[in-house]
Amino acid sequence: MLTGEIRNQVDRIWNEFATGGLSNPLEVIEQITYLLFLKRLDDLQTLEESKAARLGKSIERRIFPEGKDPKGRSYEDLRWSRFRNFAPAEMFAVIGEHVFPFLRNLGGDGSTYAHHMKDARFTIPKASLLAKVVDMIDHIPMEDRDTKGDLYEYMLGKIASAGRNGQFRTPRHIIQLMVELTAPTAKDVICDPASGTCGFLVAAGEHLRDHHPEILRDTALRKHFHEGMFHGFDFDNTMLRIGSMNMQLHGVENPDIRYRDSLGQDHAGEEEKYTLVLANPPFAGSLDYENCAKDLLQVVKTKKTELLFMILFLRLLKPGGRAAVIVPDGVLFGSSKAHKELRRLLVEEQKLDAVISLPGGVFKPYAGVSTAILLFTKTNSGGTDHVWFYDVSADGWSLDDKRTPLLSSEKLGSVTREQLSTEEHPKNNLPDLLTRWSQRDGSEKGNPRTAQSFCVPKGDIAAQGYDLSLNRYKEVVHELVAHKPPKEIIASLAELEKEIVLGMKELEEMIGS
């Protein structure tokens, strides 16, 4: 649990970075990521040394070599446990001139993290700032997985502006909702083909620890959890470093987080490999045909990134695999041939389970686009009987740029620590959504289309040209309001006018006297 004191410490460091000339949040997080990685390397070597001492053998896997680096500095000085005790100026020189060159040529501790450090750059501008950051990290109880994971998540929350190519951070409570809806299992192989900070993969891992504790007791399941379960792709090297560190700090030892242009590269070797896709990909408009993977264009010819990503999800999934993905509203009702064909594929050839309409302010302050969550299962043989719709009007936070919590923290999110009252439901619909989702094949089928959630038979959707927008099927009830007859209203107005005239006369008499 992240204490208020640690949060305050992070906030102070953040301000120090800003005043020190490093104001880009991504760059700040990147620099902190390098330092966290250096601390991890030292911890790993300390572990190896303890093991060797206990067994009376030499160290099997040495990260920091014996002797000196090419510039004559002892490799021992490059370890966290050594340089943290140096004076700020010496620490600054050692890290800039010796540690980072070492880091770039590390070649790997065998992990995905080392791979992403090959082009590491040291950009902390001042020795005093470096010393403060090192001191802060050193005082965080890093053996506590929850604390270090929460700390990193807290820092990621400071990425306050949209990135390149339409990237923006998905709110954590929306990620958790999507993970709860898909309920990952111990044998799932999970992929996010636009992984960014790896928020979906981290949340899936946390869900599995809570709901399937056997995953860390059984040898085969534990190996799968650490090495085979999580796969994230991105084509931004900074995000790959940040994402892989986020996974490491949440206790996943060697996830598959790698550089991949998900829409541009062919998918040989990736096709039908995953059982669960969780994603909120960047929707950056259109691509040229020559920049699109040919195997995606073979399904539906389109330049629209949101449609290409939908095709990609279907290709990545194994038959029987399921997906929860965020799409812009245009995917639901777009009238182009490609839009219609994609929706037909989902409804007729796969199993479309649900369309969850999100309120327009969910991604503020990053973006104000209207979006929805689509949940579907890849079958290649149809299976859609009816589609469940839910209209989210509130997610627990205000829908303006400030995104202020509307309830206490115990009553936020989809799985709350305290039950919400009927009066509180209009402020946070997510717990109700989760409850109704579990009843979608039962009592929900009887809901009228005036309700917040309801089911629509496949035939009705086909008859509407596979339009999936909620408003196409939702019925609005107009309340009957009784007004007075016009003559009665005119009589009331005449009476009122008389009173005004009388009042004016009285006023004139008062002034005249």
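Residues numbered from 1 in each chain as written. Predicted model: local features only at pLDDT ≥ 70, side-chain atom pairs only at ≥ 80, totals over all residues. Heavy atoms only, no water.

(A) Looking closely at the overall build of the chain. When its secondary structure is counted, the chain shows 18 helices and nine strands. For the chain, the spread of C-alpha atoms along the principal axes amounts to about 105 × 80 × 45 Å. Evaluated residue by residue, the chain yields a buried proportion of 50% over its 513 residues. Looking at the chain as shown, the accessible area adds up to about 24,100 Å², and 51% of this sits on carbon and sulfur atoms. Mean positive and mean negative side-chain charge positions of the chain (65 and 74 charges, respectively) differ by 4 Å. (Helix = DSSP H or I, 4+ residues; strand = E, 2+ residues; numbered from the N terminus. Buried < 20%, exposed > 50% of the residue type's maximum accessible area, 1.4 Å probe, protein only. Areas by Shrake-Rupley, 256 points an atom, 1.4 Å probe, with all protein chains shown as cover. Lys, Arg positive; Asp, Glu negative; His and termini not counted. Charge placed at Lys NZ, Arg CZ, Asp CG, Glu CD.)

(B) Highlighting the side chain of threonine 302. By secondary structure assignment, the location of threonine 302 is in the loop between α12 (294–297) and α13 (305–316). According to the relative accessible area criterion, threonine 302 is buried, its value standing at 4%. For threonine 302, the side chain forms a polar contact with the main-chain nitrogen of lysine 304, separated by 3.1 Å. Discounting chain neighbours no more than four positions away, the residues touching threonine 302 are Tyr289, Leu297, Leu307, Leu308, Ile311 and Ala338. (Polar contact = N/O pair within 3.5 Å; in protein donor to acceptor, adjacent residues only side chain to side chain. Contact = heavy atoms within 4.5 Å.)

(C) Spatial organisation of the packing of α13 against helix α15 (residues 337–349). Between α13 and α15, the shortest axis-to-axis distance is 11 Å and the interhelical angle comes to 25 degrees. By the criterion of interaxial angle, the relationship of α13 to α15 is roughly parallel. Between α13 and α15 lies a crossing of left-handed hand. Residues Leu307, Met310 and Ile311 of α13 lie in contact with α15, whose contacting residues are Ala338, His339, Leu342 and Leu346. Class assignment for the residues of the contact of α13 with α15 results in six nonpolar, one polar and no charged. (Axes fitted to C-alpha atoms, helices over the stretch in contact; angles between N-to-C directions. Parallel < 35°, antiparallel > 145°, perpendicular 65-115°, else oblique. Left-handed = near helix turned anticlockwise from the far one by under 90°. Nonpolar A, V, L, I, M, F, W, Y, C, P; charged D, E, K, R; others polar.)

(D) Here's a closer look at the packing of aromatic side chains. Summed over all chains, the structure comprises 13 aromatic pairs. Taken together, a centroid distance of 5.3 Å and an interplanar angle of 20 degrees make the contact between phenylalanine 64 and phenylalanine 102 stacked. With a gap of 38 residues between them, phenylalanine 64 in the loop between α2 (25–55) and α3 (80–83) and phenylalanine 102 in helix α4 (residues 88–104) connect regions that are remote in the sequence. The same class applies to phenylalanine 64 and to phenylalanine 102, which are both buried. Between phenylalanine 233 and tyrosine 274 the ring centres are 6.5 Å apart and the planes differ by 70 degrees, which places this aromatic pair in the edge-to-face class. With phenylalanine 233 in strand β2 (residues 230–234) and tyrosine 274 in strand β4 (residues 274–279), the pair connects residues that are 41 residues apart, well separated along the chain. There is no split in this pair, since phenylalanine 233 and tyrosine 274 are both buried. An aromatic cluster is present here, built from Tyr34, Phe92, Phe100 and Phe122 joined pairwise through their rings. The ring centre of phenylalanine 233 lies 5.7 Å from the NZ or CZ of arginine 260, which sits over that ring. For arginine 440, the ring lying beneath its charged end belongs to tryptophan 437, and the centroid distance is 3.6 Å. (Phe/Tyr/Trp six-rings, centres within 6.5 Å; stacked < 30°, edge-to-face > 60°. Lys NZ or Arg CZ within 6 Å of the ring centre and 35° of its normal.)

(E) Looking closely at helix α11 (residues 237–249). The end-to-end C-alpha distance of α11 is 18 Å, a good match for the 18 Å that 13 residues give at a rise of 1.5 Å each. Burial analysis of α11 places 12 of its 13 residues in the buried class, the great majority of the element. Of the positions making up α11, those classed as buried are Thr238, Met239, Leu240, Arg241, Ile242, Gly243, Ser244, Met245, Asn246, Met247, Gln248 and Leu249. One side-chain oxygen at the N-terminal end of α11 lies 2.9 Å from the backbone nitrogen of threonine 238; it belongs to aspartate 236. Glycine 251 occupies a position one or two residues after α11 and carries a positive phi of about 85 degrees. (Expected span 1.5 Å × (residues − 1).)

(F) The sheet that holds strand β6 (residues 351–357), seen in detail. An order of β3-β2-β1-β4-β5-β7-β6-β8-β9 is seen for the nine strands of this open sheet, with the pairing classed as mixed. Edge positions in the sheet fall to β3 (256–259) and β9 (453–457), since each of these pairs with one other strand and no more. For this sheet, the mean angle separating the axes of adjacent strands, direction not counted, is 15 degrees. Relative to β3, β2 runs parallel, the two being bridged by four bridges. In the sheet register, phenylalanine 233 faces β3, and the bridge partner there is arginine 258. Here helix α9 (residues 199–211) sits on the sheet in contact with β1 (190–192), β2, β3 and β4, set at roughly 170 degrees to β2. (Pairing = 2+ DSSP bridges.)

(G) Focus on the environment of leucine 26. Its place among the elements puts leucine 26 in helix α2. Distance from leucine 26 to leucine 156, taken between C-alpha atoms, is 8.4 Å for residues 130 residues apart in sequence. Dropping the residues within four chain positions of it, leucine 26 is found in contact with Ile159, Thr238, Met239 and Ile242.

(H) Spatial organisation of helix α18 (residues 486–512). End to end, α18 covers 39 Å across 27 residues, agreeing with the expected 39 Å (1.5 Å per residue, within 8%). Counting buried residues in α18 gives zero out of 27 residues, a small share hidden from the surface.

(I) Representation of the packing of α4 against helix α6 (residues 127–138) within the structure. In the contact formed by α4 and α6, the axes pass within 8 Å of each other and the chain directions differ by 90 degrees. Considered as vectors, α4 and α6 are oriented roughly perpendicular to each other. Two secondary-structure elements touch here, α4 through Pro88, Ala89, Met91, Phe92 and Ile95 and α6 through Ala127, Leu130, Ala131 and Val134. Looking at the contact of α4 with α6, its residues break down into nine nonpolar, no polar and no charged.

Distances and angles like these do not, on their own, reveal function.
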